[in-house]
Amino acid sequence: MSEQVWPLYEVFIRTRGGLSHRHAGSVHAADDQMALDHARDTYTRRSEGVSLWVVRSDRIVASDPAETAAFFEPAEDKIYRHPTFYDIPDGVENL
Amino acid sequence: MYTQGLDKAGKNEVANADPETAEQLEAFQARIDAEEKIEAKDWMPEAYRRTLIRQISQHAHSEIIGMQPEGNWLTRAPSLKRKAILLAKVQDEAGHGLYLYSAAETLGVSRDQMVADLLSGKAKYSSIFNYPTLGWADIGAIGWLVDGAAIMNQIPLCRCSYGPYARAMVRVCKEESFHQRQGFEIMLTLCRGTAEQKAMAQDALKRFWWPSLMMFGPNDSNSTHSAQSMAWKIKRFSNDELRQKFVDITVRQADFLGLRVPDDKLAFNDATGHYEFSEIDWQEFFDVLAGNGPCNSQRMAKRRSAHEDGAWVREAARAYADKRAAQAAA
Amino acid sequence: MTPEQHLTAYILRLGDNALVLGQRMLELVAAYPELEEELANANFALDYIGQARMFYSYAGELEGAGRSEDDFAYFRPEHEFKNLLLVEQPNGHFGDTIVRQVLFDVYYLGLLEALTRCSDQRLAEIAARAEKEVRYHLRHSAQWLVRLGDGTEESHRKAQRSLDGLWRFTGEMFAADALDEAVLASFGGPNLADIAADWQKDISTIVDEATLSIPQETHMASGGKQGMHTEHFGYLVAEMQSLPRTYPGATW
């Protein structure tokens, strides 16, 4: 049975020139070429894309939800990184 | 709906190795109540995970089995335009099955396992696909009624608390928007055609009306899993609410077509603003769900043989990939 | 026959090949070995049916007798279809369908490429559109033939048998008849001798890569291009035409 199982691939689509690739879904395929074909035939049937990436799902390295706080919260109090932190008087232009 | 079996099947299958603490459950419910999306790797109660796996996989199986009744008319579609439209629609169903299996896979169950559960009869799929398509008008009726009923259920699912399911449903709903219209258009063309064609349309409505109402599942009073699914925001409207909405909308469309809905007790209630309709034949519903509908065994036999006949092909592709990988590594 | 009448008949024949192959593929819906292949093959069948519609519509315009795409598909008897015997062969197993696809698509792609350079502009445009579609189909089916041929022992054996079984339907593709010659002469249509040479080369490359061997069979069946079909074909036509034939004059 396990002989028959094709690995899972994640599919990313660039919807048009100038945009970045975005996750669309996944497909099963026996090899990389097949994965690309399957991605094309599954996710671009309504002209959704101009470029495709596929990557084996088990090759993706993901952050751990249990560490979300440690990973992302420290950025939250660095509000001075955002332009809205600064008060600029009315009348000052091109800033 | 596509997951009617849920409302009946499986009582308390949760047998936990790691007991869930009250704090965990409370924190989880708080996230749900705050309309946060739950993602694949987030902590979730085991029962939530199992409910989703059951619901999403049943939904996926329904899409896949649902290819068969419509596929039955692909080679006989009466014009090349209709042939192309029908094929595009049946293809969408394969795609939707695929999106949904993928969503379920994020919960840690393999597609292979889900397919095995379908083929063994352990997993259910919507009762509607166990009715035969006996004429071309049935293709119209399926698009109009079955997809119409499906949309009622699927639109709220786009806001389901589980992120991967909600996102799959957004894609499904977007793609399905043409399905119901093409069905209605077939019915309209038949109703405006010859007397024989109109009779075909009437016959199709007669056969598909009640099975369509059954798609919404048992009455709320008999729906065992509903309350928990509502609390988890997997489900947002009750079976009866959705069914009523469907009847209210569809009866007017039948009037427009000049077709008679096969229910002598159907009447508009001015006070409530809703149509009243007869009691559904629940015995028939449970019979079909239990595997005794007109086409259950035929549908399963076809799916089983497709799967078995394809085994050597899947193996060959895998063997070829392994050979190439070994070569590349050497 | 005038050159335009030749062209019309030739285009109808192109439409017949596309429709009949598309129709055969429809029979396989919900029976492919994997879900992703359902989507792929539905795309291909939609392409063929779309091509048939373009060819038939244009043939109808050229003919000028008011016949529509559906008139050609639904109201001609079996012997008026001039498709190749290869495309009407029953589906068999996945290996058979892949081999049929590869044998036909290599030929069809060559034909379409040549047609993009013919002097009839509309036909050249339709061919250009179809060519892009078929190029992708061929990529897909050739890869599959290689996987089957070089996969397991069982798949190798099956693919070789499929190739052996369908080989005798390939000669007909390159046997130029009066119609092929007329369109070559009057419209700069495809030269089948050139296409045959390319086909031999491309097919042997794919077959080699698939670790299969070119069949030794030399007897070639023919007749499709003249409307003499195999027994299977009557059923395909009868099934396809059943509704419009039963209710003539109805709109669907």
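Use the structure listed above.
Keep in mind the model is a prediction, meaning the values are calculated, not measured. (Residues numbered from 1 in each chain as written. Chains lettered and ligands numbered in written order. Predicted model: local features only at pLDDT ≥ 70, side-chain atom pairs only at ≥ 80, totals over all residues. Heavy atoms only, no water.)

**Comments concerning helix α11 (residues 282-292) of chain B**
Residues and elements named next belong to chain B.
(1) Moving on: Here α11 has its buried residues at Trp282, Phe285, Val288 and Leu289. Buried residues in α11, looked at end-on, bunch into an arc of 125°, giving them a common side. Facing away from the buried surface of α11 by more than 90 degrees, the exposed residues are Gln283, Ala290 and Asn292.
(2) Moving on: Here the buried face of α11 lies against α8 (195-214), α10 (239-257) and α12 (296-309).
(3) Moving on: With a side-chain oxygen lying 3.2 Å from the backbone nitrogen of glutamine 283, the N-terminal cap of α11 falls on aspartate 281. (Buried < 20%, exposed > 50% of the residue type's maximum accessible area, 1.4 Å probe, protein only. Helix = DSSP H or I, 4+ residues; strand = E, 2+ residues; numbered from the N terminus. Arc of directions from axis to C-beta. Contact = heavy atoms within 4.5 Å. Polar contact = N/O pair within 3.5 Å; in protein donor to acceptor, adjacent residues only side chain to side chain.)

**Quick look at the interface of chain C and chain A**
(1) Moving on: Contacts between the two partners involve 13 residues from chain C, matched on the other side by 13 residues from chain A.
(2) Moving on: Around 1200 Å² of area is buried between chain C and chain A when both sides are counted, 48% of it from carbon and sulfur atoms.
(3) Moving on: Area buried by chain C at its contact with chain A is led by C:Glu36, C:Leu39 and C:Tyr136, which between them contribute 41% of it.
(4) Moving on: On inspection of chain C and its partner chain A, the count reaches two salt bridges.
(5) Moving on: Remark: the boundary between chain C and chain A carries nine residue pairs in polar contact (both at pLDDT 80 or more).
(6) Moving on: Residue assignment for the side of chain C that touches chain A shows that the elements contributing at least two residues are α2 (35-63) and α6 (121-149) of chain C.
(7) Moving on: Grouping the constituent residues of the side of chain C that touches chain A by class yields five nonpolar, three polar and five charged. (Buried area = accessible area lost by both parts, 1.4 Å probe. Salt bridge = Lys/Arg side-chain N within 4 Å of Asp/Glu carboxyl O. Nonpolar A, V, L, I, M, F, W, Y, C, P; charged D, E, K, R; others polar.)

**Observations concerning the pattern of salt bridges**
(1) Moving on: Here the structure, examined in full by the defined rule, presents 41 salt bridges over all chains.
(2) Moving on: A salt bridge links C:Glu34 to B:Arg111, with the shortest nitrogen-to-oxygen separation between them at 3.0 Å. Note that C:Glu34 is positioned in the loop between α1 (3-26) and α2 and B:Arg111 in helix α5 (residues 111-120), a pairing that runs across two chains. Accessibility classification places C:Glu34 together with B:Arg111 in one group, the buried group.

**Describing α8(B)**
Residue and element names in this part refer to chain B.
(1) Moving on: Helix length check: α8 (20 residues) gives 30 Å between terminal C-alpha atoms against 28 Å at 1.5 Å per residue, within 8%.
(2) Moving on: At phenylalanine 208, α8 shows its largest bend, some 35°, and a proline, proline 211, comes one to four positions later.
(3) Moving on: Listing the buried residues of α8 in full gives Gln197, Met200, Ala201, Ala204, Leu205, Phe208, Trp209, Trp210, Pro211, Ser212, Leu213 and Met214.
(4) Moving on: On its buried face, α8 is in contact with α6 (136-157), α7 (163-191), α10 and α11. (Expected span 1.5 Å × (residues − 1). Bend = angle between axes of the 7 residues up to and from the residue.)

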